[in-house]
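# Fold and contact review
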Amino acid sequence: MHIYRTDQFPLPLPAGHRFPAQKYQMLTEAVARFAADCLDTAAAATPWELQQAHCPDYIAQVLDGSLPARAWREIGLPWSPQLVERSCRSVGATIAAARSALLHGCGISLAGGTHHAYRDKGSGFCVFNDVAVAAKLLLQEGLVRRILVVDLDVHQGNGTAAIFRDDARVFTFSMHGAKNFPFRKEASSLDIDLPDATGDEVYLRLLQQHLPLLLRQQQPELVFYLAGADSYAGDRLGKLALSMAGLQQRDRLVLEQVAAHGAALAITMAGGYANDIADTVAIQRNTVQLAWHYHSRAGAM
């Protein structure tokens with residue numbers, strides 16, 4: 001298994017900015033304690049690769065910084081050459097994780113899950129849509145024919161839903177807070193809207209009800225799993241009430257169901273904004289460690 005890091009490409013932000021960029025370095029350090037030999041660095045996504053899911057004009061304006069100020073306000077991150085590098089590296093990591101998944105069963109990006117980015121704009125801390133780029137690229141190359149996106153970030157994957165609205169090869173499944181960002185949601189192939197304070201029991205029952213059925217119906221060769229940490233009860237932007245144990249059960253359910261179906265699995269970290277950043281890092285470390293154990297065991301059989 002390959003686990004792709006991007007933390008060595010820092011994201012400079014003003015003091016007090018609410019995006020917790022330091023979580024990426026902390027997560028890499030935590031993963032290195034048990035899977036250092038799996039850590040790798042992917043090439044940055046090229047403009048041609050980005051064009052699989054994004055408009056050429058939008059890409060050019062991001063790369064040279066000419067995107068209008070109002071567009072950067074919607075993204076919520078200030079432009080810098082480092083932001084461009086980091087954004088392209090994050091997409092590159094997800095592309096590499098998906099390729100690794102097709103070869104070895106599972107691949108992981110320690111970033112990614114930037115699902116609010118549309119074809120022609122960014123939003124909600126998302127510049128480019130890494131999963132959309134990777135999915136379009138692999139489909140264009142003929143490496144897969146059917147893809148399932150399992151988006152378990154607490155915020156709906158509106159950009160991903162819009163990009164794949166008319167593409168029957170990709171099924172988008174999103175379980176998210178009904179009253180959370182984005183407040184104007186797109187129609188995924190399947191949306192599960194959850195009320196505030198939804199906890200482990202209801203969440204896991206709904207996931208168990210829908211995921212196995214989707215895998216049987218859609219027959220994907222590749223699953224992208226956005227393993228958001230922001231459904232956690234202690235997340236300041238989440239509004240749901242899952243425990244750390246419940247999130248581990250969620251991850252285990254996804255891993256076991258995808259493996260039982262025989263599909264490759266590409267995992268991205270997506271969101272996490274816990275009041276204590278160490279909680280976000282612990283949740284995402286648990287996700288990576290569970291996948292690492294599961295697929296290391298499977299490879300030894």
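For the structure, check the block above.
Here is a short report on the structure shown in this document. In every chain, residue numbers begin from 1 and rise along the written sequence. Residues qualify for local features only when their pLDDT is at least 70, as the model is predicted, and side-chain atom pairs are given and counted only at 80 or more; totals for whole chains, interfaces and linings, by contrast, use all residues. Hydrogens and waters are ignored; side-chain quantities use all the structure's heavy atoms.

## Some words on the overall build of the protein chain
From N to C terminus, the protein chain includes 10 helices and 8 strands. Its C-alpha atoms give the protein chain a radius of gyration of 17 Å, within 12% of the compact-globule value 19 Å for 301 residues. Projecting the C-alpha coordinates of the protein chain onto the three principal axes gives extents of approximately 50 × 40 × 40 Å. Throughout this description, buried means an accessible area under 20% of the type-specific maximum (1.4 Å probe, protein chains only), exposed means over 50%, and partly exposed covers the range between. Within the span of the protein chain, comprising 301 residues, buried residues form 58% of the whole. Should any heavy atoms of two residues lie within 4.5 Å, those residues are counted as being in contact. At a minimum sequence separation of 6, the contacts of the protein chain that also span at least 24 residues come to 75%. Helix and strand assignments follow DSSP, with helices taken as H or I runs no shorter than four residues and strands as E runs no shorter than two, numbered in order from the N terminus. In this setup the radius of gyration rests on C-alpha atoms only. A globule is expected at 2.2 Å times the number of residues raised to 0.38.

## A few points about unusual backbone geometry
Residue proline 182 is bonded to the preceding phenylalanine 181 through a cis peptide linkage, with omega at -5°. With respect to the helices and strands, proline 182 occurs in the loop between strand S5 (170-177) and strand S6 (190-194). Even without glycine at this site, phenylalanine 125 takes up a positive phi of about 70°. Take phenylalanine 125: it is sitting in the loop between strand S3 (106-109) and helix H6 (130-140). For alanine 197, which is not glycine, the phi torsion reads 70° and is therefore positive. Take alanine 197: it is sitting in the loop between S6 and helix H8 (200-218). Residue classification places alanine 197 among the exposed residues on the basis of a relative accessible area of 54%.

## So, the sheet that holds S6
The parallel open sheet is built from 8 strands, whose spatial order is S2-S1-S3-S8-S7-S4-S5-S6. Each end of this open sheet is capped by a strand with a single partner; those strands are strand S2 (39-40) and S6. For S3 and strand S8 (residues 264-268), the ladder comprises 3 bridges, and the chain directions are parallel. Directly across from glycine 107, in S8, lies its bridge partner alanine 266. If DSSP finds at least two bridges between two strands, the strands pair.

The values reported here are purely geometric and, on their own, carry no functional implication.
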